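Summary of the model geometry
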Amino acid sequence: MFAEFGYGILFLAFLVTLYSLGAAIYGAQTKSTQWVESARRAMLLTFPLIAISAASLIYLIVNNHYEVSFVYEVTSKSMPTYLKVTAWWGGQAGSLVFWAFLLSGFTSAVTLRKWNRDIEFLPWVIVVCAITVAFFLSLVLFYETPFARYWQDASGKLLSDASGSPITSVFAPASGITPFLPADGRGLNPLLRHPGMVFHPPLLYLGFVSFVIPYAFAIAALITGRTDDRWIRLTRRWTLVAWLFLSFGLVLGGRWAYDVLGWGGYWGWDPVEIAAFMPWLTGTAFLHSVMIQEKRGLLKHWNMILIILTYSLVIFGTFLTRSGVLSSVHAFAESAIGPIFFTYIGFSFIASIALLIKRWPDLQAETEMKSMLSREALFLFNNLLFISILVVCFWGVMFPLISELFTGQKVTVGPPFYERATTPLFASLLFLMAVAPLSAWGHSTIQTLGRSTWKSAVAASLVGIALFFTYTQNIGAVIGFTLVAFVIFITLQEFWRGTRARQRAQRENWFVALARLTGRNRRRYGGYIIHISMAIMAIGILGIESFQSETQGTLAKDQALNIADYTVQYKELATWDDTGAGVNYTRAVVDVYKNGIYLGQLSPRIDYYFDSQQNMTIPGNRSTLRDDLYVLLVDWQPVSNMSATFKIYVNPLVNWLWIGALIFFFGIGIAAWPDKDPEAEPVRVTRSSKQTSAAD
Amino acid sequence: MKPKFLVGGLLILAAVAYLIFSSTRASAERFITVQEMEAEGPSIVGKSLRLTGAVVGDTIQYDPNTLTLTFEVAHAPADYEITEEQGGLAEVLHQAVIDPNREHVKVIYVGVKPDLLRNEAQAIMTGKLDANGVFHADELLLKCPTRYEEAAPDQTSS
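Bear in mind that the values here come from a model prediction, so they are computed numbers and not experimental data.

1. Here we look at the overall build of chain A
Scanning chain A from terminus to terminus reveals 20 helices and 15 strands. A compact globule built from 696 residues would reach a C-alpha radius of gyration of about 26 Å, and chain A, at 28 Å, matches this within 12%. Once the C-alpha set of chain A is aligned to its principal axes, its extents read approximately 80 × 80 × 55 Å. Relative to its 696 residues, chain A shows a buried fraction of 59%. As presented, chain A carries roughly 28000 Å² of accessible surface, and 64% of it is formed by carbon and sulfur atoms.

Now the structure itself:
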């Protein structure tokens, strides 16, 4: 019953979305506020409708309705309820409902704002969002419905087609046919039964979906011809929030890989990871370049291109994760929705670009870029670097398809390609991150830039030299650490300079001055904190990429393996069943010594899941600021429990990656913290100080 | 737009193009099936390849002392359309393993035995073929299509 109900409500939501779309277009054409208001109300209605449909899907999942093929495929009776709920976004069809649910929620939120003088944007924002919602709803209604069920005939035989695969549909395909209820579901892949997996996909999706809002405003600006930077100011916080979620999702995915995938790494340049990384790249470029438009009236075309690209990449990312176009560590099933996604991306991209070309003359720059070292030129350079990394990623992902097209052979590129091609680009980004905030708007020369940066440059070089003689002779790593130090010193110097100035002028104590400085210029100093956090994350990445060491071996009891300064001694092993959870645990205990000093024990584990006949390798990890000792239990001799095989990694400095990530979220929090709603009120010129700080 | 910006932009473009081109050359691997590899003959020995095939369960041997893993893979078509025509990936892999006339190749991999290595798994291996017709894999990627509809991150071992 809930299957038909959920499907019906979803269909209703689809019709309401189409109505909203039509009403918004008609209202905008005839300048009828009633029709636009009607479109807005219809849009507001889609959210509760999709929510009710999603609730019935969750009801089916939680109550073991395995006659629904989606429920059968992603859950099983042994899963705890909270994990069953996460299956909503774990499986393909459900995740598309999740997408539509989020977007209709965000659209509702944005239509509820006070529009005042921006009311002309409203119908077109609704149009763009409604088209996107309708696209996702049509996928789940007509191609990949999560409510489709298995059927049996009167004799209880599962209905299947000619090739033997079961027939699924929402409604009974013929009379006398009843739903077929399998005894238990197949269950979620054990690798996905991890808190990281509970939050990683929804955060990525939140990031993906939030980027639709700035895109919708950009398109609205193009259609209405109101091509000043109003659309950018209106969506600044949406962009930051989207960026926050996407970043958070990427970091959590890395942490999850580190904790449960058991290969000692956090990022594998896998196509699906790259699919989420690509919109992050254009989004980051966009975040930076909109500041140039706000400050200098430059790069207007560029910003439009960036947000259009971001939207296309968001849909493309969903498509890559949700179709079988590329083989990937994330083995999503091949499905019928690939061509439809591709058509939609092509259609929306071409339509957006056509609009942009139509408005091209209205988007002329207000000034000219004069100096190569001016802030705006360096920002443009930063944008080019992000786009270059994007091109590298896109090339790598598409290369098998491209080469097959031209040579008939499928040629792939792996992680070495990405590492080699992006490392110089990331290094240049670090360098710009250090220099750009100190260059002046409009005009800047080597002399002025040199005067403000030389102290930090000298200090950073000293750090590099010191590291070379005490820590590592790896030149690439030394250059990397020097750049990291450069960024940190310059940014701290900026905080110091601002705080000192405030301290003198306002006679505040040091902490008050620092807090107020940051609080009054949140965007700027929040941004600086983000820069520092990126440099700190770079320490972790440099550490694990340059200095990771590994060893492996089979040990009898009390035998030991040595790696770096560590000695790992195998003590004991136990194996037991947890029949309730359907898992067999094998847990080894090892003693850890460093330079002969006893540090404690680690217990790497293998969990064997009966229902999926699959192992999950949980490392024993001893994490310090200096390095992680990451011990994996690989194998053991079951008869005697006498010997066991271990693989051990030492991952230097990797903890700084996670520490940097925490600081990063703190920085975004500061940058995105609401002011007294400056967007809702028209900018007043009463207090000029307020205006400059808000725009900084 | 001043000429110096144009020159600067072109230089960056050239640098990025060079980076992509040289990195592609340095790390491109041909994606190949067992049958295609056998058909190539000795010319393919020593080249970087990504070989795909179906794991034959009976042949899996693992020596935990040396961490040496050996197994055979049978030829299975890698093309998505062909796979679909023949009843899906699970079916194609099953047929590949039970058919005694399929081309087989022996694979050696040194490292941790992946959890997903089992009969009728799809293996995607990065490595090189030696003169004796044995494939030395540096990286092993496995996919077990029967069990999970989605989101089963296969394992990477390197």
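After that view of the structure, there is still more to cover.
2. Overview of the packing of helix α6 (residues 122–142) of chain A against helix α8 (residues 212–224) of chain A
Residue and element names in this part refer to chain A. The interhelical angle for the contact between α6 and α8, taken along N-to-C directions, is 130°, at an axis separation of 8 Å. Classified by the interaxial angle, the pair formed by α6 and α8 is oblique. As α6 runs across α8, the sense of the crossing is right-handed. When α6 is examined against α8, the residues Trp124, Val125, Val128, Cys129 and Thr132 are found in contact with a partner set consisting of Val212, Ile213, Tyr215, Ala216, Phe217, Ile219, Ala220, Ile223 and Thr224.

3. Overview of unusual backbone geometry
All names here are of chain A. The phi dihedral of Leu299 falls on the positive side, at around 60°, and the residue is not glycine. Mapped onto the elements, Leu299 comes out in the loop between α10 (271–296) and α11 (300–321). Although it is not a glycine, Ala564 adopts a positive phi angle of roughly 45°. If you trace the backbone, Ala564 turns up in the loop between β7 (560–563) and β8 (566–578).

4. Some remarks on a nonpolar patch on the surface
All names here are of chain A. A cluster of nonpolar residues, Phe11, Leu12, Leu15, Leu18, Phe142 and Tyr143, forms a patch on the protein surface that exposes about 550 Å² of accessible area. Mapping Leu15 onto the fold places it in helix α1 (residues 2–30). Residue classification places Leu15 among the partly exposed positions, given a relative accessible area of 42%.

5. Considering the packing of aromatic side chains
The relation between two aromatic rings is expressed through the spacing of the ring centres and the mutual angle of the planes. Residues and elements named next belong to chain A. Here the structure, examined in full by the defined rule, presents 59 aromatic pairs over all chains. Their ring planes at 85° and their centres at 5.7 Å tell us that Tyr72 and Tyr150 sit as a pair that is edge-to-face. Placement of the pair is Tyr72 in helix α3 (residues 69–74) and Tyr150 in strand β1 (residues 149–152), with a sequence separation of 78 residues. On the basis of relative accessibility, which here comes to 21%, the residue Tyr72 falls in the partly exposed class. A connected cluster of aromatic rings, assembled from ring pairs, spans Trp243, Phe248, Trp267, Trp269, Phe277, Trp280, Phe386, Phe417, Tyr418, Phe664 and Phe665. For the cation-ring pair, Arg113 lies above Trp115, with the distance from its terminal atom to the ring centre recorded as 5.6 Å.

What counts as what
- Residues numbered from 1 in each chain as written.
- Chains lettered and ligands numbered in written order.
- Predicted model: local features only at pLDDT ≥ 70, side-chain atom pairs only at ≥ 80, totals over all residues.
- Heavy atoms only, no water.
- Helix = DSSP H or I, 4+ residues; strand = E, 2+ residues; numbered from the N terminus.
- Rg over C-alpha atoms; globule rule 2.2 N^0.38 Å.
- Buried < 20%, exposed > 50% of the residue type's maximum accessible area, 1.4 Å probe, protein only.
- Areas by Shrake-Rupley, 256 points an atom, 1.4 Å probe, with all protein chains shown as cover.
- Axes fitted to C-alpha atoms, helices over the stretch in contact; angles between N-to-C directions.
- Parallel < 35°, antiparallel > 145°, perpendicular 65-115°, else oblique.
- Left-handed = near helix turned anticlockwise from the far one by under 90°.
- Contact = heavy atoms within 4.5 Å.
- Patch = residues over 30% accessible without salt bridge, like charges linked within 9 Å, V, L, I, M, F, W, Y side chains within 5 Å.
- Salt bridge = Lys/Arg side-chain N within 4 Å of Asp/Glu carboxyl O.
- Phe/Tyr/Trp six-rings, centres within 6.5 Å; stacked < 30°, edge-to-face > 60°.
- Lys NZ or Arg CZ within 6 Å of the ring centre and 35° of its normal.

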